[in-house]
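Below, each chain spelled out in residue letters.
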Amino acid sequence: MDIKDGVLRIVFNRPHKRNAMSAQLVDEVLAVFEAIKNERAIRVVVLRGSEGNFCAGGDISTMNKFSDNSGNAISAQEAAWEFNRIFGRMITKVNQAPQIVITLLEGAVLGGGFGLACISDIAIADKNARIAMPETGLGLIPAQIAPFVVQRVGLMQARRLALLGERIDGEEAKDIGMVHYLTSSDIEMQAKLDDVLKMAKRCAPDANAKTKALMLQVGLFEQDELLDCAADMFAAAVVGPEGQEGTQAFVQKRKPAWAI
Amino acid sequence: MDIKDGVLRIVFNRPHKRNAMSAQLVDEVLAVFEAIKNERAIRVVVLRGSEGNFCAGGDISTMNKFSDNSGNAISAQEAAWEFNRIFGRMITKVNQAPQIVITLLEGAVLGGGFGLACISDIAIADKNARIAMPETGLGLIPAQIAPFVVQRVGLMQARRLALLGERIDGEEAKDIGMVHYLTSSDIEMQAKLDDVLKMAKRCAPDANAKTKALMLQVGLFEQDELLDCAADMFAAAVVGPEGQEGTQAFVQKRKPAWAI
Amino acid sequence: MDIKDGVLRIVFNRPHKRNAMSAQLVDEVLAVFEAIKNERAIRVVVLRGSEGNFCAGGDISTMNKFSDNSGNAISAQEAAWEFNRIFGRMITKVNQAPQIVITLLEGAVLGGGFGLACISDIAIADKNARIAMPETGLGLIPAQIAPFVVQRVGLMQARRLALLGERIDGEEAKDIGMVHYLTSSDIEMQAKLDDVLKMAKRCAPDANAKTKALMLQVGLFEQDELLDCAADMFAAAVVGPEGQEGTQAFVQKRKPAWAI
């Protein structure tokens, strides 16, 4: 983990498991996003895996580490429930982060790793990434990621990928609207990340956070009600510090303070 | 109709009408899917048409065959209502089938046939298929298929296809996210179907059925509630026969029982 | 503004502002669509901008023109609210117009102009169009357009475009499912518009209006309820004048009356 120039970089570091997430790693990611949820100085979070893989999903071998609040052992089924559900809490949290969340997808992008890619604001994929939902091939269910996958790629591709377990590469992931940018080497991926960070920096942090929150509400409320609420946000932004600085900078043909 | 190796094949057989569906054919398809709804031994259903066309929609000439429960004649408007609504009941049923539903799209894929394509888990299209919603050109409404079309290709393409009646081919259908695979001959289509069946076979039947049901619920429930329910499914799968077999097979580097 | 052969053409005419919309222009567009909402003789509305730009969004410099109903001055924040919200009322109205709405996208397609493109039934874009949501770069929020953008291009591309302010061209707009057709000159755009108008003319006006209304309801109601309602529409169409004319014309191998 590393913070520099408003960018927090998180590297999943379990390379012997292709960065499959233990219950502990899931907990740690959840804790980080909880800690930064009001931290506007951090404007971007970059998620990547160590040693050439993004994330191979949940590490099922860590599933039975759970106990109840009193420290008593719980049944295998209860442990499985907790192991699964906490992943869902984490991915929900990352989805709603006020920061721009970027995933760098290379090597294994499987199961829960696929889910994480689906909630990133910006996904950059290596063209040779190996992307799949292998759960039903193991007799299991892509349970916590299902809603995010459907929202990302649509029911049509979600059906195919979940029910066939078919592996796709980065190029196909771009074709089906799962990732935004395609790169073919580490150097290209780093250059594309730099481009994205440059664009991100030009956008006002609070306006971005509010815009993201607004877009995540679409479909959850009656539309006129949502538009009333959106107008509240707009009007507050116009008279607020970012709106004032942004429109003055535009008139004065200079960069706004947040872009420097 | 033909069952072999867990695959049920249904052929629409009204070639003189380019397989436009009579009320009776709609009834029969509905009855088949009702009969197999708890039948996990049937893992895949393949839908295709006879003699080079998939399905040209509803056969309106059969619309006035309806009578009420007492056998009395009903008005033309009532008959039209029943003819239309039963198609919607059928397509809803096929959409929710626990099996993987595959459509093989060639020749005419029109109106109701377009709708059936839109609810298939896997759609394989010939590049020269003729795909359209011609309803409003006849002064009619693509009524029962509208929700499934919007869900499949998005409101944006649904507007265009429904309001212009524009005909597209298989290639464009793939571009707009209506079909998954494109083939250019019978032999290629058969080969692609074989690929898909091979992938389907590797996935556990009950896990697949539950995953499909879960994905169809996305957007209908509050998300945390859905994720709680998904964790129930996951935990049950882990301790259930498929989860046990799947994870053991994985460790033992052998195929699980359902894949043999 | 110009009506001919059932086609109403509206040209945004503020070229010195790249057709950014003043509060007054927004009001005028709203009034036009209100006036034609029951006018089936107008079957298509074409929206375009003057002098090579479609629309650069809302013209913020006109924002402070508002006063309350008694003519008293209102605060800057209240004025911003009204300026924003009326745009949302206008775009909601255009989205629900019973006519086919076509946008011709060239030059600047920014902010509110982007939003208008997203609610058109048919969008034809010049490959060099400059398309973006620049709001957060100004410290502002793409407030009224957010729901329409998410519905058009999906949450995945909406996140990227809103949070990075990235500019895309017509080609990329087609790739991400924002526009239907791509052209590379004025002549090509005119030819494509002619094609579209020809297709539009073949479709029955009332059937089209009802189909569009139905598709806009998808996801807002319980599905079986929506399908019942859709069957009502279908049955009424079958026995109504358009359905009678359409099916007779089909049998008689002639064009229906509305297509002449």
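As shown above, the structure is provided for reference.
Residues numbered from 1 in each chain as written. Chains lettered and ligands numbered in written order. Predicted model: local features only at pLDDT ≥ 70, side-chain atom pairs only at ≥ 80, totals over all residues. Heavy atoms only, no water.

Draft legend 1. Region of interest: the interface of chain C and chain B. Chain C puts 50 residues into the contact, and the matching count from chain B is 33 residues. Interface area, chain C with chain B, both sides summed: about 3600 Å², of which 70% is carbon and sulfur. Per-residue buried area on chain C facing chain B is highest for Met 215, Leu 227 and Phe 234 of chain C; these three make up 20% of the total on that side. Put simply, chain C and chain B have 3 salt bridges between them. Two residues, Asp 228 of chain C and Arg 85 of chain B, come together in a salt bridge whose shortest N-O distance is 2.7 Å. For the interface between chain C and chain B, the tally reads 13 residue pairs in polar contact (both at pLDDT 80 or more). Those elements that provide at least two residues to the side of chain C that touches chain B are helix H4 (146-164), helix H6 (186-202), helix H7 (205-217), helix H8 (223-239) and helix H9 (241-251) of chain C. Sort the elements by how many residues they give to the side of chain C that touches chain B and H8 of chain C lands first, with 15 residues. In terms of residue class, the side of chain C that touches chain B is built from 30 nonpolar, 11 polar and 9 charged. (Contact = heavy atoms within 4.5 Å. Buried area = accessible area lost by both parts, 1.4 Å probe. Salt bridge = Lys/Arg side-chain N within 4 Å of Asp/Glu carboxyl O. Polar contact = N/O pair within 3.5 Å; in protein donor to acceptor, adjacent residues only side chain to side chain. Helix = DSSP H or I, 4+ residues; strand = E, 2+ residues; numbered from the N terminus. Nonpolar A, V, L, I, M, F, W, Y, C, P; charged D, E, K, R; others polar.)

Draft legend 2. Main features of the interface of chain A and chain B. Listed by partner, the interface residues are 33 residues for chain A and 50 residues for chain B. For the chain A and chain B pair, buried surface summed over both sides reaches about 3600 Å², with 70% attributable to carbon and sulfur atoms. The interface formed by chain A and chain B contains 3 salt bridges. Linking chain A to chain B there are 13 residue pairs in polar contact (both at pLDDT 80 or more). Where the side of chain A that touches chain B is concerned, the elements lending two or more residues are helix H2 (76-95) and helix H4 (146-164) of chain A. Broken down by element, the side of chain A that touches chain B gets its largest block of residues, 13 residues, from H4 of chain A.

Draft legend 3. Structural view of the relation of the copies chain A and chain B. Once chain A has been moved 0.0 Å along the axis and rotated by 120°, it coincides with chain B to within an RMSD of 0.0 Å. Viewed as a symmetry operation, the transformation between the two copies matches a three-fold axis. (Least-squares fit on C-alpha atoms with pLDDT ≥ 70 in both.)

Draft legend 4. Examining the nonpolar core more closely. Counting 73 residues, the largest nonpolar core has Phe 12, Met 21, Phe 33, Leu 47, Met 90, Leu 116 and Met 178 of chain C as the members making the most contacts within it. A total of 9 residues in this core trace back to one element, the largest contributor, which is H4 of chain C. Among the nonpolar cores identified, the runner-up in size contains 72 residues, and Met 21, Ile 42, Cys 55 and Val 150 of chain B belong to it. (Core = buried A, V, L, I, M, F, W, Y, C linked by side-chain atoms within 4.5 Å. Buried < 20%, exposed > 50% of the residue type's maximum accessible area, 1.4 Å probe, protein only.)

Draft legend 5. Region of interest: H4 of chain A. Residue and element names in this part refer to chain A. In this model, H4 (19 residues) spans only 14 Å end to end at C-alpha, well below the 27 Å of a helix rising 1.5 Å per residue. Of all the bends found along H4, the most pronounced is centred on Gly 154 and spans about 120°. By the criterion of burial, H4 is predominantly enclosed, with 17 of the 19 residues buried. (Expected span 1.5 Å × (residues − 1). Bend = angle between axes of the 7 residues up to and from the residue.)

Draft legend 6. Summary view of the pattern of salt bridges. As enumerated under the stated definition, the model contains 45 salt bridges over all chains in all. Taking the shortest distance from any N to any O, the salt bridge between Glu 106 of chain A and Arg 48 of chain A comes out at 3.0 Å. With Glu 106 of chain A in the loop between strand S4 (100-105) and strand S5 (108-110) and Arg 48 of chain A in strand S3 (residues 44-49), the pair connects residues that are 58 residues apart, well separated along the chain. Looking at Arg 48 of chain A, the relative accessible area reads 23%, which means it is partly exposed. Residue Lys 37 of chain C pairs with Glu 34 of chain C through a salt bridge whose shortest N-O separation is 2.9 Å. It is possible to trace a salt-bridge network through shared partners that takes in Arg 14, Lys 17 and Asp 59 of chain A.

Draft legend 7. Here's a closer look at the pairing of strand S3 (residues 44-49) of chain B. Residues and elements named next belong to chain B. Across the 6 residues that make up S3, a large majority, 5, are buried. As paired strands, strand S2 (residues 7-12) and S3 are joined by 6 bridges and run parallel to one another. The residue of S3 that forms the bridge with Val 11 is Arg 48. Following the backbone out of S2, through helix H1 (residues 23-35) and into the adjacent parallel S3, one traces a crossover that is right-handed. Where S3 and strand S4 (residues 100-105) come together, 4 bridges link them in parallel fashion. Of the residues in S4, the one forming a bridge with Val 44 is Ile 100. (Pairing = 2+ DSSP bridges. Right-handed = clockwise from strand over helix to strand, strands pointing away.)

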